[in-house]
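Geometric and topological summary
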Amino acid sequence: MSDWAEVARREGFAHRRGLLDAAVITSLRDAVLASLGQHGLSNVVAVQCDIMPLDLVGRLRSDRQLTGALAAILRAEPLPIHADVLRIVGPGETPTPPHRDAEYLSQDPLWIAWIPLDGCAIERGPLVVNASTAPLPLPCSIGDVIFFSSQTVHATLPNTSGATRLSIDFRFTK
């Protein structure tokens, strides 16, 4: 058993640095930016419709490093529930308030893989875990993944960077 996976189960989250191939993430980011260029930030539904069916998204969801890490956490083969979300957060948009995904999705166990599509420094409004008790912001680089349980209270910080924050969430159960 992986020590980090045991800590993840106990703490409700894990930040795995450099887990994914940066070139794949960059390709997906470029596709999102191209779609944003066509539809604009005011039409994120059209961007979602362009991006989520792409083979690139499916390849990322089934990446061996990603699914291997999830298998260690779940102690079983991870099963995607296909409640994936592409997140597009422009500068100055309202940050996501503290919540638990278990309030919206009933699978148990359920783990989320939050993947930034670009560097996500504090100014870009990264994910914050334990948002209600001991907030821990988790700035990320391309290739990082934050895994968290649907029971983990999380939020995002405000995007004060002047750049759009792009990330994708994949949800898995066993």
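Here's what I pulled together on the structure shown here.

About the cut-offs
- Residues numbered from 1 in each chain as written.
- Predicted model: local features only at pLDDT ≥ 70, side-chain atom pairs only at ≥ 80, totals over all residues.
- Heavy atoms only, no water.
- Axes fitted to C-alpha atoms, helices over the stretch in contact; angles between N-to-C directions.
- Helix = DSSP H or I, 4+ residues; strand = E, 2+ residues; numbered from the N terminus.
- Parallel < 35°, antiparallel > 145°, perpendicular 65-115°, else oblique.
- Left-handed = near helix turned anticlockwise from the far one by under 90°.
- Contact = heavy atoms within 4.5 Å.
- Buried < 20%, exposed > 50% of the residue type's maximum accessible area, 1.4 Å probe, protein only.
- Pairing = 2+ DSSP bridges.
- Nonpolar A, V, L, I, M, F, W, Y, C, P; charged D, E, K, R; others polar.
- Expected span 1.5 Å × (residues − 1).
- Arc of directions from axis to C-beta.
- Polar contact = N/O pair within 3.5 Å; in protein donor to acceptor, adjacent residues only side chain to side chain.

At a minimum axis distance of 9 Å, the contact between helix 2 (residues 22-39) and helix 3 (residues 44-51) shows a crossing angle of 140 degrees. When the axes of helix 2 and helix 3 are compared, the pair comes out oblique. Taken as a pair, helix 2 and helix 3 cross one another with a handedness that is right-handed. For the pair helix 2 and helix 3, contact is made by Leu 28, Ala 31, Val 32, Ser 35, Leu 36, Gln 38 and His 39 and by Ala 46, Val 47, Asp 50 and Ile 51, respectively.

In this section: the pairing of strand 4 (residues 111-116). Among the 6 residues in strand 4, 6 count as buried, and that is most of the element. Neither face of strand 4 is left uncovered, since the one carrying Trp 111, Ala 113 and Ile 115 and the one carrying Ile 112, Trp 114 and Pro 116 both have all their residues buried. Taken together, the 4 bridges between strand 4 and strand 7 (residues 145-149) define a ladder with antiparallel strand orientation. Bridge assignment links Ala 113 to a residue of strand 7, and that residue is Phe 147. Strand direction decides the pairing type here: strand 4 and strand 9 (residues 165-173), joined by 6 bridges, are antiparallel. The partner of Ala 113 across the bridge, within strand 9, is Phe 170.

Turning our eyes to something else, we now look at unusual backbone geometry. Of the consecutive residues Asp 108 and Pro 109, the connecting peptide bond is found in the cis state with omega at 0 degrees. Positive phi, normally seen in glycine, also occurs at His 82, with a value near 55 degrees. Within the secondary structure layout, His 82 lies in the loop between strand 2 (79-80) and strand 3 (85-89). We note that Asn 130 has phi near 55 degrees; this positive angle belongs to a residue other than glycine. Mapped onto the elements, Asn 130 comes out in the loop between strand 5 (127-129) and strand 6 (136-137).

Attention now goes to the packing of helix 1 (residues 3-11) against helix 5 (residues 64-74). Relative to each other, helix 1 and helix 5 sit at 60 degrees, their axes nearing to 8 Å. With respect to the hand of their crossing, helix 1 and helix 5 are arranged in right-handed fashion. Contacts between helix 1 and helix 5 involve Trp 4, Ala 5, Ala 8 and Arg 9 from the former and Ala 69, Ala 72 and Ile 73 from the latter. Each residue belonging to the contact of helix 1 with helix 5 can be placed in one class, and the counts come to 6 nonpolar, no polar and 1 charged.

So, about helix 2. Look at helix 2: 25 Å from first C-alpha to last across 18 residues, which is about the 26 Å you get at 1.5 Å a residue. Among the residues of helix 2, Ile 25, Leu 28, Arg 29, Val 32, Ser 35 and Leu 36 are the ones counted as buried. For helix 2, the buried positions fall inside an angular range of 125 degrees around the axis, keeping them on one side. Those residues of helix 2 that are exposed and aimed more than 90 degrees away from the buried face are Ala 34, Gly 37 and Gln 38. Taken together, the buried residues of helix 2 touch helix 3, helix 4 (55-61), strand 3, strand 4 and strand 9. Here helix 2 starts with a cap whose side-chain oxygen sits 2.9 Å from the backbone nitrogen of Ala 23, and that cap is Asp 21. Downstream of helix 2 by a residue or two, Gly 40 has a phi angle that is positive, lying close to 85 degrees.

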